[in-house]
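Here's the letter readout for the chains.
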Amino acid sequence: MSEVLVLVEQQDGVVKKVTGELLTLARSLGTPSAVWVGPGYGDAAAAALAEFGAATVYVAGDASFADHPVAPKSDVLAHLVSEKAPCAVLVASTADGKEAAGRLAVRTNSGVITDAVAVSADLIATQSVFGGSTVVHSQVTSGTPIFTVRPNSVAPEAATGAAVRVDVTVALSASTTKAKVIGRTAAVKGGRPELAEAAIVVSGGRGVGSAEGFGVIEGLADALHAAVGASRAATDAGWYPHQYQVGQTGKTVSPQLYIANGISGAIQHRAGMQTSKTIVVVNKDPEAPIFELADYAVVGDLFQVVPQLTEEISKRA
Amino acid sequence: MKIAVCVKQVPDTWAEKQLKASDSTLDRESADGVMNELDEYAVEEALRLVEASGGDVTIVTMGPERAAETVRKALSMGADSGVHLVDAGFHGSDALATSYALAEVIKDRGFDLVIFGSESTDARMSVVPAMVAERLGVAQLTFAQKVEVSGSDVTIERVTESGFDTVTATTPVVLSVVEKINEPRYPSFKGIMAAKKKPVETLSIADAGLDAAKLGASAAWSSVVDFAARPPKAAGVVTTDEGDGGVKIAQFLADQKFI
């Protein structure tokens, strides 16, 4: 079987969940090889990649690779595409992942499909576009097919792989080294999962009414070990930081469970969450379009319903 | 400082969008065309940089004839001139072809900065700025929530999953900016009147010296196999809160094994 390259998403040497999802998908397409770019590869990372079936791990571990944004990943992948002739390249559909895939496509004269939610054995990708209202099947017709795959689209399944380490040496291209990272600033993150990766997202919208009102949203999120999201109305009003906006001009999420509180469900918001597997809605207005998406919904005041739900979850925990 | 801002006309953000059955491309006629909202931040940032340290702003777009409206809007905000790539042969171009056309038009004009919005609200691929940087062989400073220019040094705060990275390069650079980097201005009446007299070059594929074989649907390196409207979701359970709404949701979550 031919090789499928999977670009590892990691932070400080810890492999992110989406990489297990991508390796699971890669196993249905060929033999998965993980690609590690930057310093920090160690036993924990190797174990995490072996757990999801990586046969090989290409390690481009030069510490300087972390000093430049995005492009080192494209340089390493381009090198491996030319050396190994894989049948496909899978990259997580994050901001960095999509840019790395885009540069790789230019570099290798290959087609790229972004935001896939599935890729079949014959390399046809499924995308959910226009806020999930349309399902598109696409294929790459030139070069090595490159897919970026949305987090939470594939259920990760463990399968032991050898994770044989192969060190690779790649010279960064001249343009890659032109942009230099000179500082990193971590946002304050009260221990919640990242929005894009979270299995559960609890969101608040106009109905939350104020920055203080988000306390009840955060309370429910913490009871469920969930990420907090916000609609554009809430971020525009300054009630919640902009980086948590879910929607057409914010992040797209596809969690197992999405709980929308006080959100009407304009296309702007639906575009960012419509593909969530299970959707729960709390809203005062029974006419709100968000109810059309709900698997379970309560017409009511979120300040009554949400704290009660949080308390009930704590009781059952 | 000579700045290019690449903008795209897209269907209104708030409109429902669909694909055309004939060629699987976006139906651009069924909704009003507006400047991609995220590009407004790019135009605003360019205007602010020029107001602070001098220079001029050129708007570059590729799109059908009516995309000229989007160029005019940017000019009415205060940009100086426009370049509009318009040709039937562009129709159906993928991101790779778009980045090729933009890079070719940009490369010989001596821009210090090329600024994009972080993504378009229709295709939402978010790859064209990186592709243009790759093609031009210049530094990529994308997803900026803050831009500082000092002489030929450009430093940005690049938004990441966990916060932001401070990234620096010397001109020329390709920038993309995220929403909330600034508050885009509305065109003034004076600006709208002035925009009518500002120069806009309209270039066909041949005018721009582009290779037609690399453009349009036939040159795309990916293609749509088929598409369909998502089947409507089976109606869920909707109940009205009678003092036990939270308990009911908890029961639903327990039944679904979330708790």
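Source: prediction; values computed, not measured.

J.: I would appreciate a short explanation of the overall build of chain A in the present structure.
T.: On a plain count of helices and strands, chain A comes out with 8 helices and 17 strands. Its C-alpha radius of gyration of 21 Å places chain A within 12% of the 20 Å reference for a compact globule of 317 residues. Principal-axis analysis of the C-alpha atoms places the extent of chain A at approximately 60 × 40 × 40 Å. Within chain A, buried positions represent 59% of all 317 residues.

J.: Help me understand the domain arrangement of chain A, please; the structure alone is not making it clear to me.
T.: Think of interface size as the accessible area that goes away when the parts come together; that is how it is often given. All names here are of chain A. We note that the domain assignment places domain 1 (3-178) and domain 2 (200-316) within chain A. Averaged C-alpha coordinates put domain 1 and domain 2 at centres separated by 31 Å. Listed per partner, the contact involves 7 residues of domain 1 and 9 residues of domain 2. Residue composition of the side of domain 1 that touches domain 2, by class: 1 nonpolar, 5 polar and 1 charged.

J.: What's the story with the environment of Phe214 of chain A in this structure? I'm lost.
T.: All names here are of chain A. Within the fold, Phe214 resides in helix α5 (residues 214-223). Here the alpha-carbon distance between Phe214 and Ala234, two residues 20 residues apart in the chain, equals 9.5 Å. Discounting residues that sit within four places of it in the chain, Phe214 has contacts with Gly204, Val208, Trp239 and Tyr240.

J.: Help me understand the environment of Ala288 of chain A in this model?
T.: All names here are of chain A. By the element assignment, Ala288 lies in the loop between β16 (278-283) and β17 (296-299). The buried category is assigned to Ala288, around which 21 C-beta atoms lie within 10 Å. Those residues within four positions of Ala288 in sequence are excluded, and the remaining contacts are Ser264, Gly265 and Asn283.

J.: What's the story with the sheet that holds strand β4 (residues 56-62) of chain B in this structure? I'm lost.
T.: As a general point, the strands of a sheet are linked pairwise by backbone hydrogen bonds and lie either parallel or antiparallel. Judged by pairing direction, the sheet is mixed, and its 10 strands sit side by side in the order β12(A)-β9(B)-β8(B)-β7(B)-β10(B)-β6(B)-β1(B)-β4(B)-β5(B)-β11(B) without closing on themselves. Looking at which strands have only one partner, the edges of the open sheet turn out to be β12 (180-186) of chain A together with β11 (200-203) of chain B. Direction aside, the axes of adjacent strands within the sheet are offset by 30° on average. Here strand β8 (residues 153-160) of chain B pairs with strand β9 (residues 163-170) of chain B via 8 bridges, running antiparallel. Bridge pairing links Val154 of chain B to Ala169 of chain B in β9 of chain B. Contacts between helix α3 (residues 95-107) of chain B and the sheet are confined to β1 (2-7), β4, β5 (81-85) and β6 (113-117) of chain B, with β4 of chain B contributing the most and set at about 150° to the helix.

J.: When you look at the packing of helix α8 (residues 302-316) of chain A against helix α6 (residues 245-255) of chain B in this model, what are you seeing that I'm missing?
T.: How two helices pack is summed up by the angle between their axes together with the distance between the axes. Between α8 of chain A and α6 of chain B, the least distance of the axes is 7 Å, while the angle of their chain directions is 45°. By the angle between their axes, α8 of chain A is oblique relative to α6 of chain B. Read as a crossing pair, α8 of chain A and α6 of chain B show a hand that is right-handed. For the pair formed by α8 of chain A and α6 of chain B, the contact residues are Gln304, Val305, Val306, Gln308, Leu309, Glu312, Ile313 and Arg316 of chain A on the first element and Gly245, Gly246, Val247, Ile249, Ala250 and Ala254 of chain B on the second. For the contact of α8 of chain A with α6 of chain B, the per-class residue count stands at 8 nonpolar, 4 polar and 2 charged.

J.: What exactly am I supposed to notice about the environment of Asn152 of chain A here?
T.: All names here are of chain A. Within the fold, Asn152 resides in the loop between β10 (146-149) and β11 (164-167). A sequence separation of 93 residues divides Asn152 from Gln245, and the C-alpha atoms of the two residues are 18 Å apart. Each residue touching Asn152, except ones within four places of it in the same chain, is listed here: Ala199, Ser254, Pro255 and Gln256.

J.: How should I be thinking about the packing of helix α3 (residues 71-84) of chain A against helix α4 (residues 95-108) of chain A in this particular structure?
T.: All names here are of chain A. Two numbers describe how α3 lies on α4: the axes approach to 8 Å, and their chain directions differ by 45°. In terms of their interaxial angle, α3 and α4 are classed as oblique. Where α3 crosses over α4, the handedness of that crossing is right-handed. For the pair formed by α3 and α4, the contact residues are Ala71, Lys73, Ser74, Leu77, Ala78 and Val81 on the first element and Ala100, Arg103, Leu104, Arg107 and Thr108 on the second.

J.: Any chance you could explain the pairing of strand β15 (residues 257-261) of chain A here in plain terms?
T.: Note on strand geometry: in a regular strand, side chains alternate between the two faces of the sheet. Residue and element names in this part refer to chain A. The buried fraction of β15 is high, at 5 of 5 residues. Along β15, one buried face is formed by Leu257, Ile259 and Asn261 and the opposite face, lined by Tyr258 and Ala260, is buried too. Sheet topology places β15 next to β16; 5 bridges connect them, and they run parallel. Pairing of Tyr258 across the sheet is with Ile279, part of β16. Assessed by its sense of winding, the connection that carries the chain from β15 through helix α7 (residues 267-273) to β16 is right-handed.

J.: Before we go on, may I ask you to explain the interface of chain B and chain A in this structure?
T.: Taken together, the 67 residues of chain B in the interface contact 75 residues of chain A. Partitioned by chemical class, the residues of the side of chain B that touches chain A number 32 nonpolar, 20 polar and 15 charged. In the sheet, β17 of chain A pairs with strand β13 (residues 237-240) of chain B via 4 bridges, with the strands oriented parallel. Pairing of Val298 of chain A across the sheet is with Thr239 of chain B, part of β13 of chain B.

Rules used throughout
- Residues numbered from 1 in each chain as written.
- Chains lettered and ligands numbered in written order.
- Predicted model: local features only at pLDDT ≥ 70, side-chain atom pairs only at ≥ 80, totals over all residues.
- Helix = DSSP H or I, 4+ residues; strand = E, 2+ residues; numbered from the N terminus.
- Rg over C-alpha atoms; globule rule 2.2 N^0.38 Å.
- Buried ≥ 20, exposed ≤ 12 C-beta atoms within 10 Å, placed from the backbone.
- Domains from an automatic or database assignment.
- Contact = placed C-beta atoms within 7 Å.
- Nonpolar A, V, L, I, M, F, W, Y, C, P; charged D, E, K, R; others polar.
- Pairing = 2+ DSSP bridges.
- Axes fitted to C-alpha atoms, helices over the stretch in contact; angles between N-to-C directions.
- Parallel < 35°, antiparallel > 145°, perpendicular 65-115°, else oblique.
- Left-handed = near helix turned anticlockwise from the far one by under 90°.
- Right-handed = clockwise from strand over helix to strand, strands pointing away.

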